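Structure at a glance
For reference, the chains in residue letters:
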Amino acid sequence: MKIETKKIRLLSISKNEHRSEYSFLREQKFFEMIRNLLLRLGFEKNDWVNGFGRPWDEETEKPILKKENDILSKDYDEQIITFSNYNYSIDIIFFSKKIFVIFNYKKDMQQEISKALDSFVLD
Amino acid sequence: MNIQRLIDSLSPNEKKILPYIEEKKISEICKKSNLDKVSVVRALEYLKNKKILNLSFKKKKTVEIGINGALYKKKGLPERRLLNLLNEKRLLKLGDAQKQSSLSKNEFKASLGALKKKALIELKNGKIIFNANKEEISKKSLEEMFLESLPIKYDSLSPEQTYALKSLQNRKNIIRITERKSIDIEITDLGKKLIGYGIKSHDLIEQINPEILRKENLWKGKKFRRYDVTSPIPAINGGKRHFVNQATDYARKIWTEMGFQEMTGSIIMSSFWNFDALFTAQDHPVREMHDTLFINKKTELPDKKIVNAVKNSHEKGVGGSKGWGYSWNEEEAKRLVLRTHTTCLSAQTLAKLKEQDLPAKFFSVGKCFRNETVDWNHGFEFNQTDGIVVDENVNFSNLLGYLKQFAEKMGFKKIRFRPAYFPYTEPSVEGDIWDEERKEWIEVLAAGMFRPEVTEPLFGKPIPVLAWGPGFDRMLMKFYGIKDMRELYKNNITQLRKMRFWMK
């Protein structure tokens, strides 16, 4: 799957056979990067994935795809958002300047994740 | 593959060895790159990960001469020395032979064994009888020839040499087998391209440090080494939730997804809530010290109306039952215990419920305690998840359905139910999950419908209440492959780091 995305600054990596952790700068591009990364990792393109970082239409109960929330908004401070499917349980933790993304997996997936991430991070 | 991008991701040591990898010998690469062997091997591994070269690791075994072997090569094997002596004397007493041969006790014994095996001597009445002919004496043994041929490659041994090796291997320090590892380097097409491209290491900042950051001219306009996300890195063990807590959180998630509300409460309970409210008679064996952990204090009982209803239920029964037919003791109900099950929370919740709250579904997940002797299969503490469904329209089939759904969500596809008995439920059921690995059923579920003797005093009228309290620890042990229950509560940091994430 070819996914175009803006590249983002990666700050740190830690990986082992049970989980991988990456930290990023808390910048607006992060939402789009994660949405695309989830698809690349095999997540279904559903409202929960599409709605990450986006406001929700209360009437239709669907994300508003044309808009995006402000990532620096206080609403995100110390928030933990989790995505999970059969292979992964991913925790996204928002701190004041950084965001930690923790990938827990059933079997060792560190290479799959780093390969998927490679095209999204700045050289 | 973008060559410049690849070059930018090379570490200083990778760059240092790259011009010399065509040498293909680690020692030569070390010499020319001025790096030690460990650094070179590590850099080669990194280059392999980047598909610049392929590495194949080979093990070479060699049979070499040992300390005693070197001595015997000079002086002759002990059996040769004994053979020479016997050739002169023909018949010798054992003691005399050892003395005259100047062999140690062990050497002498080994020599006797070796010569006897080849039928060159016989032992009779403490004497050595020499049987060898001239040809046999002068002929070199396989062991002697093997010793002279050392060192020799293990893989190239002939059947005779293998026989000699086995014979000498049993004797002290005559031979030794050494194993050397070698690495074969094969440069890939990408590697060849990269070498041809030429690598310049200057002007690239490899690592940021405070010194560089302080002076702008040290970093401004310079290029930084590319951060290679795919490179293997040493594992860092970050903080995470305890694996038991991960599992209890998961159970919590299952119940909430099924529309249940959580019940919480203290681990210290009055006997009233832990036993009496659940129609457990005050002389029931479970209320003895050897089953329950009591606290040397008492507490106040709840509302008099509920206490009297419970007392009445025990003494006289409700809805046509006869109760336990004894005189209920209020003081006994005041005794504090470490809760033996989380069902006490269900009793407390039922007492708070009103008609207009129905239908209602509640769950709890928490620690319980029993006075058990601790061993691999028993602990004095364990985790339980309790649940109740209070609804005029529920029945026993619904109960089995909830249990089945919970077990399935916990990852257990095969479940069976058996009739059971509990003091506070009727009918009662026990559920087993199938352990595919051990090919056996494991008992994890205990459930039933609360008896009217429980529901009427607490809720004010008899109402169907589905209730269950699966033990959690056995499911946990099965998931994490833990054989000893005590490991659930050990603070072994190595084990905690290795534990995988609870995922179903």
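It should be emphasised that the depicted structure is a prediction, and the values quoted were computed from it without experimental measurement.

Here we take up the overall build of chain B. In terms of regular secondary structure, chain B is built from 23 helices and 18 strands. Sorting the 504 residues of chain B into buried and exposed places 45% on the buried side. Within chain B, contacts between residues at least 6 apart in sequence are counted, and of these 68% link residues at least 24 apart. As displayed, chain B has an accessible area near 27,700 Å², and 50% of this comes from carbon and sulfur atoms.

A word on the environment of Lys134 of chain B. Residue and element names in this part refer to chain B. Within the fold, Lys134 resides in helix H9 (residues 134-138). Judged by its relative accessible area of 74%, Lys134 is exposed. Measuring from C-alpha to C-alpha, the distance between Lys134 and Asn87 comes to 8.9 Å, with 47 residues separating the pair along the chain.

This brings us to the interface of chain B and chain A. Counting from both sides, the interface comprises 20 residues of chain B and, opposite them, 26 residues of chain A. Of the roughly 2,000 Å² buried between chain B and chain A, counting both surfaces, carbon and sulfur atoms make up 55%. A per-residue breakdown of the area chain B buries against chain A is headed by Tyr227, Val229 and Met503 of chain B, which together make up 34% of the total. Run the count over chain B and chain A and you get zero salt bridges. The interface formed by chain B and chain A holds three residue pairs in polar contact (both at pLDDT 80 or more) in total.

Let us now look at the packing of aromatic side chains. Under the defined criterion, the tally for this structure stands at 25 aromatic pairs over all chains. Both rings, one in Phe31 of chain A and one in Tyr76 of chain A, keep their centres 5.2 Å apart while their planes meet at 50 degrees; by these two values the pair is tilted. Note that Phe31 of chain A is positioned in helix H1 (residues 29-40) and Tyr76 of chain A in the loop between strand E4 (62-63) and strand E5 (80-84), a separation of 45 residues in sequence. Just as Phe31 of chain A is buried, Tyr76 of chain A falls in that class too. Considering the side-chain rings of Trp434 of chain B and Trp441 of chain B, the 5.2 Å spacing of their centres and the 65 degrees angle between planes classify their relative orientation as edge-to-face. According to the relative accessible area criterion, Trp441 of chain B is partly exposed, its value standing at 27%.

A word on the sheet that holds strand E4 (residues 127-130) of chain B. Note on sheets: strands pair through backbone hydrogen bonds, and any given pair is parallel or antiparallel. Residue and element names in this part refer to chain B. If you walk across this open sheet you meet the three strands as E2-E4-E3, and the pairing is antiparallel. The open sheet has two free edges, formed respectively by strand E2 (91-93) and strand E3 (121-124), since each of these has just one partner strand. In this sheet, neighbouring strand axes are inclined to one another by 25 degrees on average, regardless of whether the strands run parallel or antiparallel. Where E3 lies against E4, four bridges are found, and the strand directions are antiparallel.

With that settled, the discussion passes to helix H19 (residues 343-352) of chain B. Burial of H19 of chain B is extensive: nine of the 10 residues sit out of reach of the surface. For H19 of chain B, every residue scored as buried is listed here: Thr343, Cys344, Leu345, Ser346, Ala347, Gln348, Thr349, Leu350 and Ala351 of chain B.

Turning next to a nonpolar patch on the surface. All names here are of chain B. Taken together, Leu142, Met145 and Tyr163 make up a surface patch of nonpolar side chains, about 260 Å² in accessible area. Its location among the elements puts Tyr163 in helix H11 (residues 159-169). Tyr163 gets classed as partly exposed once you look at its relative accessible area, which sits at 40%.

Turning our eyes to something else, we now look at the nonpolar core. Residue and element names in this part refer to chain B. Counting residues in hydrophobic clusters, the biggest one holds 42 residues, and the most contacted among them are Met410 and Trp468. For this core, the elements supplying multiple residues, two or more each, are helix H15 (243-257), strand E13 (360-369), helix H20 (396-409), strand E16 (425-435), strand E17 (440-450), strand E18 (465-468) and helix H22 (473-480). Broken down by element, the residue count for this core peaks at seven residues, all from H15. Setting aside anything within four residues of it in sequence, one finds Trp468 in contact with Trp255, Phe260, Thr385, Asp386, Gly387, Ile388, Val389, Leu399, Tyr402, Leu403, Ala446 and Ala447.

What follows concerns the side chain of Arg19 of chain A. All names here are of chain A. Inspection of the secondary structure assignment puts Arg19 in strand E2 (residues 19-25). Note on Arg19: relative accessible area 10%, which makes it buried. Polar side-chain contacts of Arg19 include one of 2.7 Å to the side chain of Glu21.

Turning our attention to the pairing of E18 of chain B. Residues and elements named next belong to chain B. Taking every second residue as pointing to the same face, both faces of E18 are buried, with Val465 and Ala467 on one and Leu466 and Trp468 on the other. Relative to E18, strand E14 (residues 381-390) runs antiparallel, the two being bridged by four bridges. Note on E18: the bridge partner recorded for Val390 is Val465. Note: E17 against E18, three bridges, orientation antiparallel. Counterpart to Met449 in the pairing with E18 is Leu466.

All right, on to H20 of chain B then. All names here are of chain B. For H20, spanning 14 residues, the distance from its first C-alpha to its last is 20 Å, which sits close to the expected 20 Å at 1.5 Å a residue. Within the sequence span of H20, burial applies to Leu399, Tyr402, Leu403, Phe406 and Ala407. Seen along its axis, H20 keeps its buried residues to an arc of 130 degrees; they face one direction. Two or three places before Ser397, at the start of H20, stands the capping residue Asn395, its side-chain oxygen 3.1 Å from that residue's backbone nitrogen. Looking one or two residues past H20, Gly411 carries a phi angle of roughly 100 degrees, positive in sign.

Right, let's talk about the pattern of salt bridges for a bit. Residue and element names in this part refer to chain B. Applying the stated criterion across every chain yields a total of 35 salt bridges over all chains. Salt-bridge contacts for Lys32 lead to Glu23; the nearest nitrogen and oxygen are separated by 2.6 Å. Take Lys32: its relative accessible area is 40%, and that puts it in the partly exposed class. The salt bridge involving Glu430 is made with Arg418; its shortest N-O contact spans 3.1 Å. Of the two residues, Glu430 sits in strand E16 while Arg418 sits in strand E15 (residues 415-422), which places them 12 residues apart along the sequence. In this structure Glu430 comes out as buried when scored by relative accessible area, which is 16%. Shared partners join several salt bridges into a network, and the residues in it are Arg416, Arg418, Glu430, Asp432 and Glu443.

So, on to the environment of Asn491 of chain B. Its place among the elements puts Asn491 of chain B in the loop between H22 and helix H23 (493-498). A sequence separation of 249 residues divides Asn491 of chain B from His242 of chain B, and the C-alpha atoms of the two residues are 9.7 Å apart.

A separate point is unusual backbone geometry. Outside of glycine, negative phi angles account for most residues, and trans bonds account for most peptide bonds. Residue and element names in this part refer to chain B. At the junction of Leu358 and Pro359, the peptide bond is cis and its omega measures out at -5 degrees in the coordinates. One can find Pro359 in the loop between H19 and E13. For the bond from Glu426 to Pro427, the omega torsion is 0 degrees, close enough to zero to count as cis. Residue position: Pro427 is located in strand E16. Of note in the backbone geometry, Asn125 takes a positive phi value of approximately 45 degrees without being a glycine. Looking at where Asn125 falls in the secondary structure, it is placed in the loop between E3 and E4.

Calculation criteria
Residues numbered from 1 in each chain as written. Chains lettered and ligands numbered in written order. Predicted model: local features only at pLDDT ≥ 70, side-chain atom pairs only at ≥ 80, totals over all residues. Heavy atoms only, no water. Helix = DSSP H or I, 4+ residues; strand = E, 2+ residues; numbered from the N terminus. Buried < 20%, exposed > 50% of the residue type's maximum accessible area, 1.4 Å probe, protein only. Contact = heavy atoms within 4.5 Å. Areas by Shrake-Rupley, 256 points an atom, 1.4 Å probe, with all protein chains shown as cover. Buried area = accessible area lost by both parts, 1.4 Å probe. Salt bridge = Lys/Arg side-chain N within 4 Å of Asp/Glu carboxyl O. Polar contact = N/O pair within 3.5 Å; in protein donor to acceptor, adjacent residues only side chain to side chain. Phe/Tyr/Trp six-rings, centres within 6.5 Å; stacked < 30°, edge-to-face > 60°. Pairing = 2+ DSSP bridges. Axes fitted to C-alpha atoms, helices over the stretch in contact; angles between N-to-C directions. Patch = residues over 30% accessible without salt bridge, like charges linked within 9 Å, V, L, I, M, F, W, Y side chains within 5 Å. Core = buried A, V, L, I, M, F, W, Y, C linked by side-chain atoms within 4.5 Å. Expected span 1.5 Å × (residues − 1). Arc of directions from axis to C-beta.

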